[in-house]
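# Analysis of the macromolecular model
In case you want the letters, here they are:
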Amino acid sequence: MAAPPRSLLVGGAVFAAVALCALLGPYLAPYPYDEMNIMTRLQPPSPTHWFGTDEFGRDVLSRMLFGARISLLMGIGATLVSLAIGVPLGLAAGYYRGRVDETIMRMIDLLISVPPILMGLLILSMTPPNPWKTAFAVGIIYVPIMVRLTRGVTLELASEEFVLAARARGERGWYILGAEILPNAWPPIIVESALRVTFAIMLGAALSFLGLGVQPPASDWGLMIAEARPFIDAAPWVALAPGTVLCITVIAVNLMGDGLRDLLDPRLKRGRG
Amino acid sequence: MLLYTLKRLAYVAVILAVMSVLIFWATQVMPGDVAQMIVGQFATDEQVRAVRAKLRLDDPVYVQYLRWAGGLLRGDLGLSLMMDRPIAPLIAEAIQRSAVLAGISIVLIAALGIWLGVHSAVRKGKPIDHAISVGSYFFISVPEFFWAIVVILLFAGYLGWLPATGYAALSEGWWQWLKHIVLPVATLVLGLVAHVSRLTRSSMIETMQSQYVTAARAKGLPESVVIRRHALRNALVPTITVLAIDVGLLMGGIVVVETVFSYPGLGRLLIFAIEQKDIPMVQAGILTVTAVYAIANLAADLLYAFFNPRIRYGRAAA
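Residues numbered from 1 in each chain as written. Chains lettered and ligands numbered in written order. Predicted model: local features only at pLDDT ≥ 70, side-chain atom pairs only at ≥ 80, totals over all residues.

### As for the overall build of chain A
Helix and strand content of chain A: 11 helices and zero strands. Seen in sequence order, chain A has helices and strands lined up from the N terminus as α-α-α-α-α-α-α-α-α-α-α. Principal-axis analysis of the C-alpha atoms places the extent of chain A at approximately 75 × 45 × 30 Å. Split into buried and exposed, the 273 residues of chain A put 51% on the buried side. (Helix = DSSP H or I, 4+ residues; strand = E, 2+ residues; numbered from the N terminus. Buried ≥ 20, exposed ≤ 12 C-beta atoms within 10 Å, placed from the backbone.)

Okay, structure coming up:
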């Protein structure tokens, strides 16, 4: 295996730093995320409050560290949901083909014919929002991509000799799928997952921004930006700080995904959707 | 081509029928009582009963669905709970404003994206290509709602050139109208133009290496003619597909952008309806957006088939 590409190292290092901050958030935060102080409303960045304070006098840095956890977990959680649903369906469609394939792919076509954010709105508008539901809604949106990808890889692998050998040994279908095909199908799926995480973080933040994700007083980066919106002229730092961190995180994961793609799957070096 | 068009039209009808069931079902499976949710947890029993009677929630589910779907077919989308007015005119008005926003944006995204893509492909490896590549990487990584905040801060707050929010009808003068629409359009374009430019670039680079481009050059045609008449036409076919995908993303973007800029379009109406738990409005809004999306996809598929005869005769590629 070649040396890891630079984009993977840089992206990975930045993402690891963000993830570490998210993980250690409660210990690193100088103030509790929900501690209000009317005396220190909308203060600009200073040595006591590195990123200033918001309209309730809450420390922006502390809220960002707290929000990092939810934003990252929503992105990763959503991707795991799309993997958990999409990969088995794709394996089944690609291996059994015929009627199974037809049924699964028609369902997927239907899912694709709904604009991405609407699927989220439909799920979230009907029940009281919470971040896990948002992650689930975002995950559902990415199921079609995972199914199509896994199906394509499975179709290719199903005619390989080691699969035919397993069949000849009389192995069961689920064994062949789980033990023979899946371990060989991982590389493109991992690459796609890494790229999905960035879209999921952005979409999750957008839904929180619209009030359909995390609920106050808890917060993620999207909701922080929404809450800062009315005071944007007086206190731009309340929105700019989480927004900038969000962008840095997304760029880092994007770099990581591109690097992983070059490392694991040189065949996929074309445009991505 | 006619058969293909009819097939695709039938498919759109199927999608809308299935979606109408799904949307209706989603309002049925939610935990708790719809009526209770609408009036709030501190409402009296009479209030709850009144809402139940008004929405006729005591009928069997399939009767409720058929009544709703029957109304849809007659163009009757029901009554908005929060405004107590028919939904259809409200949506019709909002969708016109959203269409203006979407139309201007998609034209700019296509024009600007193709222009940038061709420029960086032709100057592959030169500094300008690197600048465009790094720029599009950055633009792809910034969510619309953050762009919205940044452009408001810059052009409305810091420079004070444009209004931060709101909407002006054309009747109030085109200058007023333009001033209100610049920032929402700019936000949408910034967020999506990189998709088109990146794809156009890679597809253009591939085409420029093909034999017919070499042949055109060997004929002694000027490079600008080779690019415009020979390479670009073929390179644009995949761009049509990505534009169709972008229409879907644009709709999501419009929901966000309309909310940030208080632009009274369909997206803002939908979010408002969700906040107010105006369920008939939510149902109608989501179904309308699905219909618009299905028609946009249909248009993209037809355009694609028009440019690419292989699809017209064979099985339609997904």
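### Overview of the overall build of chain B
Within chain B, the regular secondary structure consists of 13 helices and zero strands. In sequence order, the secondary structure elements of chain B are arranged as α-α-α-α-α-α-α-α-α-α-α-α-α. Counting only C-alpha atoms, chain B reaches 85 × 55 × 35 Å along its principal axes. Sorting the 318 residues of chain B into buried and exposed places 37% on the buried side. Contacts spanning at least 24 positions in sequence make up 69% of the contacts within chain B whose residues lie at least 6 apart. (Contact = placed C-beta atoms within 7 Å.)

### Side note on the interface of chain B and chain A
Contact residues are listed per partner, giving 40 residues for chain B and 33 residues for chain A. Take the side of chain B that touches chain A: its biggest share by element is nine residues, from helix α10 (residues 223-260) of chain B. Taken together, the residues that form the side of chain B that touches chain A break down as 29 nonpolar, nine polar and two charged. (Nonpolar A, V, L, I, M, F, W, Y, C, P; charged D, E, K, R; others polar.)

### With respect to unusual backbone geometry
Located in the positive-phi region is A:R97, a residue other than glycine, with phi close to 50 degrees. Mapped onto the elements of the fold, A:R97 is located in the loop between α3 (60-96) and α4 (98-112). Its identity is not glycine, yet B:S262 carries a phi of approximately 50 degrees, on the positive side. In this structure, B:S262 sits in the loop between α10 and α11 (266-275).

### Observations regarding the nonpolar core
Ranked by size, the top nonpolar core spans 158 residues in total, and within it A:L121, A:A206, A:F209, A:I225, B:F145, B:A148 and B:L270 carry the most contacts. Counting residues per element, this core draws most heavily on helix α9 (residues 173-209) of chain A, at 18 residues. Those residues within four positions of A:A206 in sequence are excluded, and the remaining contacts are A:G222, B:P143, B:F145 and B:V256. (Core = buried A, V, L, I, M, F, W, Y, C linked by C-beta atoms within 7 Å.)

### Side note on the environment of B:I87
Residues and elements named next belong to chain B. Mapping I87 onto the fold places it in helix α5 (residues 87-122). Exposure remark for I87: the 24 C-beta atoms within 10 Å place this residue in the buried category. Separated by 197 residues in sequence, I87 and A284 have C-alpha atoms that sit 7.7 Å apart. Leave out the neighbours within four places in its chain, and I87 touches L77, G78, L79, S80, P280, M281 and A284.

### Quick look at the confidence of the model for chain A
Averaged over every residue, the pLDDT of chain A is 82; residues scoring 70 or more account for 95%. Under a pLDDT of 50 for its full length, residues 268-273 of chain A has, in the predicted model, 11 contacts with residues more than four places off or in other chains. (pLDDT = per-residue confidence, 0-100.)

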